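Listed here are the chains, written in short residue letters.
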Amino acid sequence: MIYIYTDIITPRIEYVCHILFNIILQTEFQLCLPSKQINSNQNAVINYSTQNILNALNIPCSGILSETNIRKNFDLSHLIQSFPIIDTTEFSQNQIKHDLFAICFCLLSEYEHYANPIFDKHGRYDEKSYIHSNELKKTPFVHEVAEAFWTAMQNKNPNLFRQQRSFDFEYTFDLDAPWEYLHKSWSINALGWIKDALYLKRERWMRRFKTLLHIQKDAFDTYDFIFQHVPKEKLVF
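None of the values given here were measured: they were computed from a predicted structure.

## A look at the overall build of the protein chain
When helices and strands are tallied, the protein chain shows nine helices and six strands. Once the C-alpha set of the protein chain is aligned to its principal axes, its extents read approximately 85 × 50 × 30 Å. Going through the 237 residues of the protein chain one by one, you find that 39% of them count as buried. Long-range contacts, defined as pairs at least 24 residues apart, comprise 69% of the intrachain contacts of the protein chain with a sequence gap of at least 6.

## Topic: the pairing of strand 2 (residues 29-32)
For strand 1 (residues 2-6) and strand 2, the ladder comprises four bridges, and the chain directions are parallel. Across the sheet, the residue bridging to Y3 is Q30, located in strand 2.

## Considering the nonpolar core
Membership of the largest hydrophobic core comes to 47 residues, with the highest contact counts inside it found for I4, L20, F21, I46, F101 and F149. Within the residue set of this core, elements represented by two or more residues are strand 1, helix 1 (11-24), strand 2, strand 3 (44-48), helix 3 (100-109), helix 4 (111-115) and helix 6 (141-156). Considering each element in turn, this core owes the most residues, nine residues, to helix 6. Once residues within four sequence positions are removed from consideration, L20 is found in contact with L25, F101, C104, V142, V145, A146 and F149. Among the nonpolar cores identified, the runner-up in size contains seven residues, and Y3, Y5, I38 and V45 belong to it.

Cut-off values and rules
- Residues numbered from 1 in each chain as written.
- Predicted model: local features only at pLDDT ≥ 70, side-chain atom pairs only at ≥ 80, totals over all residues.
- Heavy atoms only, no water.
- Helix = DSSP H or I, 4+ residues; strand = E, 2+ residues; numbered from the N terminus.
- Buried < 20%, exposed > 50% of the residue type's maximum accessible area, 1.4 Å probe, protein only.
- Contact = heavy atoms within 4.5 Å.
- Pairing = 2+ DSSP bridges.
- Core = buried A, V, L, I, M, F, W, Y, C linked by side-chain atoms within 4.5 Å.

Purely geometric stuff here, so don't read any function into it on its own.
This is the structure in structure tokens:
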């Protein structure tokens, strides 16, 4: 269990912690008010409050997660003092410079678009925001923060447990036209023959003729190849 001290428990802090710890890290967390006594020497503790908690990982609180309103003309640079945002030295010293919870919340909710909505000529959000200009969306920042938390917390409590992620997959094939000529009515193929003849498409005319007489394989018939390379239990048409 990871314990997180906060001065006030709000939906915003609950949301961002749920994403970081439950969804990404697959581990448990508990939000605590400073009045709750926890042995920070034997437990993994994050201090997001204004109180002094010994041996806890201290993260400054910018106040955004305690609010219910949206700050006007806000941009993410207000929270980011310098790069790199994730500094392993800060984690080892238990003193984080940036409000990582608030930064993750702003990225996950795209808070900046609510606070300062700027649209292009098509009515879409303009990509001139701080998020896009600094290419934060091109890196898995929230996942990197989560993993940095996990490393720091596991150093404090090696007995911490997280569920290992697993995945599965299926191959899907969207077949608009499963056959070029086979399994179609003779009227459709007859009209196709006439059309090919009128437009002097001799190669197509011959291909249709040979396919229908089973002299050559239908051009769209790749099913033997698919079944040979894809397990049937993973196959969806």
